[in-house]
Every structure is written in C-alpha cells, then in structure tokens.
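An overview of the molecular structure
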Amino acid sequence: MATANKNLSQYDKETIPNAKNFKFGIVVSEWNEDITQGLFQGAFDAFIDNGVLKENIVRWNVPGSFELIYGCKKLTESFEMLDAIIAVGSVIQGETKHFDFVCEGVTQGIKDLNLQQDIPVIFCVLTDNTKQQSIDRSGGKYGNKGTEAAIAAIKMAQLRKDAKFYKD
Ligand SMILES: Nc1c(NC[C@H](O)[C@H](O)[C@H](O)CO)[nH]c(=O)[nH]c1=O
Ligand SMILES: CC(=O)[C@@H](O)COP(=O)(O)O
C-alpha cells in the first residue's frame, strides 16, 4: 500500500518555493466534516509554515465532494488573483455503488477544471473504504493529505508563475 507504514506529509522547507506572495483558495466539503476539517487544518498550517499570509487564504464550504467541482469553478471566477486552489473532500464507502460514482465524478470534474481554467486545482479528496483509513490520512498515523496538498499547491503556483514569465 502506497501510504501504509509511511508518513507522506513530512517535507523539507528548503525544497519548497517561498510562498509569501501567493494567494490560495481552499474549497471544503461538509460531508464527513471531522475528516475534512482535519485536512483543511493540515493544508492551512502548511501554508502558514511556508510563508503564506493568513489574509491570502480564502475558504469556501460546499455540501459534499461532488459540489467541489462547482465550488472550485465559481471560486476561480470570483477570485481571479488566486495562484492555486485545493479541493478538500472525504468520500467513504457505504452500502451502495454511490461511492464509485461520487469518486469518479469529482475526480473527472477536477481534472476538467485543470484543463479548462488557468488556476491549478489540487485534488485533496480522500476516497476510503473505512472511516479509520480517513482518520489515519487526515492527521493520523499516516500523516495529513491536506499538508501534502498545500505543498503541491505551492509548487504548482510557482510553476504557473514561471510559465507566465517565460511566455511574456
Ligand atoms: N457519501 C458521500 C458524499 N455524498 C454526497 C455527494 O458528494 C453530493 O453532495 C450529493 O450526491 C449531492 O450532489 N459526499 C462526500 O463528500 N462524502 C461521502 O462519503
Ligand atoms: C459515498 C456515498 O455516497 C455513501 O457514503 C453513501 O452511502 P450508501 O452507499 O450506503 O447510500
């Protein structure tokens, strides 16, 4: 298993671009709110640890992971100055195939946003078989996927900035 027995959330600050001038959005699903809040906190704390100003982080909430697609799209339209967005969700297998469709839908939707819009949208949606797996990955024994998402957001914001520089 890719994550088991590892904490993938540790990072070397020396390898992370300075983020003090970047602006980030975080769209958070309210389904499994204890998990998504843990993911949000991991991302927020990693942003601050890498120099992002609190006033440069905007948070919107949506009902469920499927609504992350529309929420991220509208956030992009409302805040054109953002350098990257993180979509935070927690999908946990229930009795039916609904899990499969929600996971596939939000995955494809966020992929489409990255193709259609100019602001990177980072995929921080847990798709777990059990609640314990979600707990382990949102600040538990396997680290925090929110932390990893924030580092990815900073790196992609820097890539976007560098790309613009070379183009202009
Ligand atoms: N079961 C989970 C859901 N389901 C709700 C959907 O995301 C969506 O809000 C609904 O289908 C209305 O469009 N959402 C999660 O984020 N996590 C789940 O485990
Ligand atoms: C991922 C879901 O939508 C799921 O948690 C809903 O549960 P169920 O499949 O038992 O209706």
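Owing to the predicted nature of the structure, the values given are computational and were not obtained by experimental measurement.

In this section: the overall build of the chain. If you tally the helices and strands in the chain, you get five helices and six strands. Traced from its N-terminal end to its C-terminal end, the chain shows the element sequence β-α-β-α-β-α-β-α-β-β-α. Its C-alpha atoms give the chain principal-axis dimensions of roughly 50 × 30 × 25 Å. Per-residue burial over the chain gives 48% buried out of 168 residues. For the chain, the exposed surface amounts to about 9,000 Å²; the carbon and sulfur share of it is 54%.

In this numbering, the UniProt entry assigns the feature "binding site: (2S)-2-hydroxy-3-oxobutyl phosphate" (unreviewed entry) to Glu95, Thr96 and Arg137. For this annotated set, covering 43 residues, the C-alpha atoms extend up to 23.2 Å from each other, a dispersed arrangement in space. Tracing the chain through its elements places glutamate 95 in the loop between β3 (84-92) and α3 (98-116). Glutamate 95 gets classed as exposed once you look at its relative accessible area, which sits at 86%. Looking at the secondary structure, you find threonine 96 in the loop between β3 and α3.

What follows deals with the site of ligand 2. The immediate surroundings of ligand 2 are formed by Val91, Ile92, Gly94, Glu95, Thr96, His98 and Phe99. One nitrogen or oxygen atom from the main chain of glutamate 95 is found 2.8 Å from an oxygen atom belonging to ligand 2. A total of 320 Å² of accessible area belongs to ligand 2 in isolation, and the protein chains cover 73% of it. When contributions to the shell around ligand 2 are tallied by element, the ones reaching two or more residues are β3 and α3. A breakdown of the residues in the shell around ligand 2 according to their chemical character gives three nonpolar, three polar and one charged.

Looking now at the packing of aromatic side chains. Taken as a whole, this structure holds four aromatic pairs when the rule is applied. On the numbers, 6.0 Å between centres and 70° between planes, the contact of phenylalanine 22 with phenylalanine 24 is edge-to-face. Each member of the aromatic cluster is reached from another via a ring pair, and the members are Phe22, Phe24 and Phe47.

The next thing to look at is helix α1 (residues 33-49). The end-to-end C-alpha separation of α1 is 24 Å, in line with the 24 Å expected for 17 residues at 1.5 Å each. Turning to α1, its buried residues are Ile35, Thr36, Gly38, Leu39, Phe40, Gly42, Ala43, Phe44, Ala46 and Phe47. Glycine 51 lies just past α1 and shows a positive phi near 95°.

Attention now moves to unusual backbone geometry. Backbone geometry at asparagine 32 places phi at a positive 55°, although glycine is not the residue there. Within the secondary structure, asparagine 32 sits in the loop between β1 (24-29) and α1. Overall, the relative accessible area of 19% leaves asparagine 32 in the buried class.

One way to put it is that helix α2 (residues 68-78) packs onto α3 with a least axis distance of 9 Å and a crossing angle of 20°. Between α2 and α3, the angle falls in the class roughly parallel. Handedness of the α2/α3 crossing: right-handed. Contacts between α2 and α3 pair Leu68, Ile69, Cys72 and Lys73 from the former with Gly105, Val106, Gly109, Ile110 and Leu113 from the latter.

Take the nonpolar core next. Counting residues in each nonpolar core, the largest one holds 27 residues, and the members touching the most others are Phe24, Ile26, Phe47, Ile86, Val88 and Ala153. Elements supplying a minimum of two residues to this core: β1, α1, β3, β4 (121-128) and α5 (145-167). The greatest single-element share of this core, amounting to seven residues, is contributed by α1. Formed by 20 residues, the second largest nonpolar core is a distinct cluster that contains Ile69, Leu75, Phe99 and Ile119.

Reading the values: the criteria
Residues numbered from 1 in each chain as written. Chains lettered and ligands numbered in written order. Predicted model: local features only at pLDDT ≥ 70, side-chain atom pairs only at ≥ 80, totals over all residues. Heavy atoms only, no water. Helix = DSSP H or I, 4+ residues; strand = E, 2+ residues; numbered from the N terminus. Buried < 20%, exposed > 50% of the residue type's maximum accessible area, 1.4 Å probe, protein only. Areas by Shrake-Rupley, 256 points an atom, 1.4 Å probe, with all protein chains shown as cover. UniProt positions renumbered as here; feature names shortened; annotations may be inferred. Near = heavy atom within 4 Å. Polar contact = N/O pair within 3.5 Å; in protein donor to acceptor, adjacent residues only side chain to side chain. Nonpolar A, V, L, I, M, F, W, Y, C, P; charged D, E, K, R; others polar. Phe/Tyr/Trp six-rings, centres within 6.5 Å; stacked < 30°, edge-to-face > 60°. Expected span 1.5 Å × (residues − 1). Axes fitted to C-alpha atoms, helices over the stretch in contact; angles between N-to-C directions. Parallel < 35°, antiparallel > 145°, perpendicular 65-115°, else oblique. Left-handed = near helix turned anticlockwise from the far one by under 90°. Contact = heavy atoms within 4.5 Å. Core = buried A, V, L, I, M, F, W, Y, C linked by side-chain atoms within 4.5 Å.

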